[in-house]
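What follows is the residue order along each chain.
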Amino acid sequence: MMVPFNRIFGLGDKAEAKAKEETYDLDEVVQLPVNKIEANRYQPRSIFNEEKIKELAQTIHTHGMIQPIVVRKLEDDNYELIAGERRWRAVQSLEWENISAIIRDMTDAETASVALIENLQREELTVIEEAHAYARLLDLHSLTQEALAQRLGKNQSTIANKLRLLKLPEEVQQAVLDKAITERHARALIKLKEPEKQLKLLQAILENDLNVKQTEERIAAMDQPKEAPRKKQPKLKGFNKDIRIAMNTIRQSLNMVSDTGVDVESDEKELDDYYQITIKIPKKK
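Fair warning: this is a prediction, and the values are worked out from it, not measured in the lab. (Residues numbered from 1 in each chain as written. Predicted model: local features only at pLDDT ≥ 70, side-chain atom pairs only at ≥ 80, totals over all residues. Heavy atoms only, no water.)

Draft legend 1. Spatial organisation of the pairing of strand β3 (residues 69–73). In terms of burial, β3 is a largely internal element, 4 of the 5 residues being buried. The pairing of β3 with strand β4 (residues 79–83) spans 4 bridges and is antiparallel. Residue Arg 72 lies in a different strand from β4, and its bridge partner there is Glu 80. Hairpin connection, β3 to β4: the antiparallel pair is bridged by 5 residues, and Asp 77 has positive phi, about 65 degrees. (Buried < 20%, exposed > 50% of the residue type's maximum accessible area, 1.4 Å probe, protein only. Helix = DSSP H or I, 4+ residues; strand = E, 2+ residues; numbered from the N terminus. Pairing = 2+ DSSP bridges.)

Draft legend 2. Fine view of the packing of aromatic side chains. Evaluation of the coordinates by the stated rule reveals 0 aromatic pairs. Seen from the ring of Tyr 79, Lys 73 lies directly overhead, with NZ or CZ sitting 5.4 Å from the centre. (Phe/Tyr/Trp six-rings, centres within 6.5 Å; stacked < 30°, edge-to-face > 60°. Lys NZ or Arg CZ within 6 Å of the ring centre and 35° of its normal.)

Draft legend 3. Up close: helix α7 (residues 145–152). Those residues of α7 not exposed but buried are Ala 147, Leu 148 and Ala 149. At its buried positions, α7 is contacted by α6 (127–141) and α8 (156–164). Remark: Gly 153 follows α7 within two positions and exhibits a positive phi of approximately 70 degrees. (Contact = heavy atoms within 4.5 Å.)

Draft legend 4. Broad picture of helix α4 (residues 85–94). Restricting attention to buried positions, one finds in α4 the residues Glu 85, Arg 87, Trp 88, Ala 90 and Val 91. Looking one or two places after α4, you find Glu 95, whose phi comes out positive at around 60 degrees.

Draft legend 5. The side chain of Glu 85, seen in detail. Locating Glu 85 in the fold gives a position in helix α4. Glu 85 sits in the buried class, given a relative accessible area of 8%.

Draft legend 6. Main features of the environment of Tyr 42. Mapped onto the secondary structure, Tyr 42 falls in the loop between β2 (37–38) and α3 (50–63). By relative accessible area, which is 15% here, Tyr 42 ends up buried. Taking the C-alpha atoms as reference points, Tyr 42 and Leu 81, separated by 39 residues in sequence, lie 9.6 Å from one another.

In structure tokens form, the structure reads like this:
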């Protein structure tokens, strides 16, 4: 059955009444030329398992089309898929001339949303495809992440975590699509802010077959700031204990300031009657 649009789009009573009409009805099933049907331009799935398509084709060949595809009419007498791309691909592989279909009158936004939601409900998308689907739905309907989560029955944090993956470089996203790394690997890489570091570690993961724990350990090591070499302090001679404590306290204080990231410069000079400490602190960090 088609997804009730009012749950996702907020179209109100009119949409609810229309949705009730838009259930599969055998009287509305028609036979359409397979070569007149185009793939859904809003299809979130970029990878189709050819082995499963072959299995589906064998089932259709043996038992026929149990569930028709859903299409909409285009201006050039062709049709665009709304739902059922796997069935359409399976029938193509069988080289059938016609396919059972139901024709619906839908807008671009409705067509895109049905394609996205149908695939999200199947739970067969890769995490990157799922993230793109969420992003597309947010854009189509001007929803907040929280509103979309409520309409899809998911936690807002789940959607937010998926969307963060889209900030990763394309090479990392492709590695997830290819199942070369896991979602947990990708989420760990987000902790590295620089794309160069993310790509460098991605290469290390692929070359050394690093698991998630090993990846996180490398990230922790990469995030450790390198300590600047300390200036060798001159030994204090001829000072009593109190003066030595005062001088060491000043030096420790300067080291603490340096540890905050401020580039402090200091210089000590021994003069006839006193020690002189010059401190330079830049105005801009």
